[in-house]
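Tertiary structure, described
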2 protein chains.
Amino acid sequence: MIHTPTSTFAEFAATLRPQVDAALSRLTTFDAGCPPTLGESIRYSLLAPGKRLRPLLALAAAQACGGSIEEAMPAACAVEMIHCYSLVHDDLPAMDDDDLRRGRPTNHKQYGEGIAVLAGDALLTLAFETLARLQPAETAVRCTTELAHAAGAARLIGGQADDLAQEGKVPGALPAVDRSPAESLALLESIHRRKTGAMLLVSLRLGALAAEADDLRLAALDEYGTRLGLVFQIMDDLLDVRGTEDQMGKRVGKDAARGKLTFPGLLGVEESLRRAQALTAEAVAALGPLGNDAEVLEDLARYVVERNH
Amino acid sequence: MIHTPTSTFAEFAATLRPQVDAALSRLTTFDAGCPPTLGESIRYSLLAPGKRLRPLLALAAAQACGGSIEEAMPAACAVEMIHCYSLVHDDLPAMDDDDLRRGRPTNHKQYGEGIAVLAGDALLTLAFETLARLQPAETAVRCTTELAHAAGAARLIGGQADDLAQEGKVPGALPAVDRSPAESLALLESIHRRKTGAMLLVSLRLGALAAEADDLRLAALDEYGTRLGLVFQIMDDLLDVRGTEDQMGKRVGKDAARGKLTFPGLLGVEESLRRAQALTAEAVAALGPLGNDAEVLEDLARYVVERNH
């Protein structure tokens, strides 16, 4: 495949989002052992129109490290499957109890809770089956270890467990309302670092590993990705305050209504935005070692902080 | 590690079950990112006293193929993690709604539904992280592909989805009560082949692959494992009819009470038992190509058909 860098994130996304969607569709064409309703429910959530931010991060990182889009595609699809499974499970009544996602009924509203649990399980399992397609085998194994850690009990799942606890949904756990503001901010950052940050970071790393990146480039992407993750979460919280349901495709103002910790709730809107802008500048600066190849990632950081306001 | 075959399954299990338990405990010692309640809930289910049938199958297959116990241990632990996650999720109110498992409250009864969903997710994720420890990388990748397929939408999860549907828990799906007896038996066998059979079979295959088994031995284990899986399910159904709660550690007679398809329900107790014995003889015969190294597996097949009656 010809290596054709495109300079803006919008151009990159417009070219590659359809390729990601096509690959996700191919990977969820199941054999006869999969009950039709289960297959439909998996595709309902995975193929719903979405930004595909995580796969695009993986592909942009691969390109920034001199690799091909084609080689990195299994990594891109795997991170989107993990993201999608976590949304399906987080939306369940026992968790965040959401009935709207990307402008449509959530998976359990459409197919029932039992199928929604199983669709999430299937997407999680399929992510690892997909990652095993990476070549050579050493790359597949390293990516599996990194993705499982980022999505595991100490990161993505642990962050969600703490999020549940602070909403008072875990018997015996301390809800957020009983903490000091400083404790609340530290907890909020810790939850987001694990829930959102770890997955954005591993998306970049998997793309880079698929491109056989050296340690210098991996370290630069770590610096970039850590900051990007926080910016992303701050902007998401701000959209919940300022956005409309139409823009978000999900219920807004709901975080505040149920006393969920948010950056604007703790820092105010202006300070949250200021912090996001400072982190974006640091993220862009961290890309130095990657040179011109990182133009898409630079533009992407600016896109995240500028969207919808 | 010295290769020391032991001839009976009981001896083999008595020696190796504690080694499996110790390995499972080591693998679930999480870092500070894992909330204590989540870690406790994972260990509550994974380290509960159990038969460890699937890991013992993996280790016995490795031994039957001339491999070491130590090399196959990650495969043994991974299949137990998958088994345990599927029990935690299947017990949820939206699924089989069980409140007792291995003689103790089910995970969601003890920790709440949200944490139970997350504990299952974490075990599923950890299974793949564990499998990535296999050496060489090509073996880890092949085992990942096989385990993900066996545990995926067309096998384990698909079987559970059809099980939910035949209990009338999937909107729009045909419940079992509206099918003919022949259709019901075919569906029951298909559900068990995917839910129970596929995981027993892949346990054997992963152990054999960790021992670098050739295709002849893998084919013999396939013949053996396919039959063992059905025997196991028939005996489980029979225990539900004939066992006491004390023996089973879970509510009995419940399958019949909710109209769930079972072998004794469709074929009667005597015919179910006759079928299990015939399948056991076939399973033992299939082990021919493995010679004396397969003594433990031979004995195990007889143990399954003879337990508790």
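Predicted, not measured: the structure shown is a model, and the values here were computed from it.

To continue, consider the overall build of chain A. When you go through chain A residue by residue, the secondary structure sums to 15 helices and 2 strands. Counting contacts in chain A only where the partners sit at least 6 residues apart, residues at least 24 apart contribute 75% of the total.

If you look at the interface, chain A gives 52 residues, while chain B gives 52 residues. With 12 residues, the single largest contributor to the side of chain A that touches chain B is helix H6 (residues 113–131) of chain A. Residue classes in the side of chain A that touches chain B are distributed as 30 nonpolar, 13 polar and 9 charged.

When chain A is fitted to chain B, the best match, at an RMSD of 0.0 Å, comes from turning it 180° and sliding it 0.0 Å along the axis. The superposition of one copy onto the other is thereby described by a two-fold rotation axis. Of the C-alpha atoms belonging to chain A, the one lying closest to the rotation axis is found on A:Ala137, 2.7 Å away. Taken as a fraction of all interface residues of chain A, those also at the interface in chain B reach 100%, which identifies the copy contact as same-surface.

Turning our attention to helix H4 (residues 69–90) of chain B. If you check H4(B), its first and last C-alpha atoms are 30 Å apart, about what 22 residues at 1.5 Å a residue would give, namely 32 Å. Burial within H4(B) is extensive, with 20 of its 22 residues counted as buried.

A few words now on the confidence of the model for chain A. Residues and elements named next belong to chain A. Model confidence for chain A is summarised by a mean pLDDT of 90, while 89% of its residues fall at 70 or above. Segment residues 1–6: pLDDT under 50, and 11 contacts once partners within four positions in sequence are set aside and those in other chains are kept. Across the predicted assembly, pTM comes out at 0.92 and ipTM at 0.91.

Turning our attention to the packing of helix H8 (residues 156–166) of chain B against helix H9 (residues 181–210) of chain B. Geometry of a packed helix pair, given as the angle between the helix axes and the separation of the axes. Residues and elements named next belong to chain B. The geometry of H8 relative to H9 is characterised by a closest axis approach of 8 Å and an angle of 145° between their N-to-C directions. Note that H8 runs across H9; the crossing there is left-handed. Residue-level inspection shows Leu156, Gly158, Gly159, Gln160, Asp162, Asp163 and Gln166 of H8 in contact with H9, the latter providing Leu187, Ile191, Arg194, Lys195, Ala198 and Met199. The class makeup of the residues in the contact of H8 with H9 is 5 nonpolar, 4 polar and 4 charged.

With that out of the way, let us pick up the packing of helix H9 (residues 181–210) of chain A against helix H10 (residues 215–242) of chain A. Residues and elements named next belong to chain A. Relative orientation of the contacting elements H9 and H10 amounts to 145°, with a least axis distance of 8 Å. In this structure, H9 crosses over H10, and the sense of that crossing is right-handed. Within the contact between the two elements, H9 uses His192, Arg193, Thr196, Gly197, Leu200, Leu201, Leu204, Arg205 and Ala208 and H10 uses Arg217, Leu218, Leu221, Asp222, Gly225, Thr226, Leu228, Gly229, Leu230, Phe232 and Gln233. A breakdown of the residues in the contact of H9 with H10 according to their chemical character gives 9 nonpolar, 7 polar and 4 charged.

On to unusual backbone geometry. Residues and elements named next belong to chain A. The step from Gln135 to Pro136 runs through a cis peptide bond, and the omega angle for that step is -10°. Along the chain, the position of Pro136 falls in the loop between H6 and helix H7 (137–150). Of note in this structure, Arg52 is not a glycine but carries a positive phi near 60°. Tracing the chain through its elements places Arg52 in the loop between helix H2 (36–46) and helix H3 (53–64). With phi around 55°, Glu212 is a residue other than glycine that occupies positive phi space.

Residues and elements named next belong to chain B. Taking 1.5 Å of rise per residue, the 18 residues of helix H14 (residues 269–286) would be expected to cover 26 Å, and the 26 Å separating its terminal C-alpha atoms lies within 8% of that figure. Listed as buried for H14 are Ser272, Ala276, Leu279, Thr280, Ala283 and Ala286. On an axial view of H14, the arc spanned by its buried residues comes to 120°, and they lie on one face. Opposite the packed face of H14, turned more than 90 degrees from it, sit the exposed residues Glu270, Glu271 and Ala285. Next to the buried residues of H14 lie helix H10 (215–242), helix H13 (263–267) and helix H15 (295–306).

What counts as what
Residues numbered from 1 in each chain as written. Chains lettered and ligands numbered in written order. Predicted model: local features only at pLDDT ≥ 70, side-chain atom pairs only at ≥ 80, totals over all residues. Helix = DSSP H or I, 4+ residues; strand = E, 2+ residues; numbered from the N terminus. Contact = placed C-beta atoms within 7 Å. Nonpolar A, V, L, I, M, F, W, Y, C, P; charged D, E, K, R; others polar. Least-squares fit on C-alpha atoms with pLDDT ≥ 70 in both. Expected span 1.5 Å × (residues − 1). Buried ≥ 20, exposed ≤ 12 C-beta atoms within 10 Å, placed from the backbone. pLDDT = per-residue confidence, 0-100. Axes fitted to C-alpha atoms, helices over the stretch in contact; angles between N-to-C directions. Left-handed = near helix turned anticlockwise from the far one by under 90°. Arc of directions from axis to C-beta.

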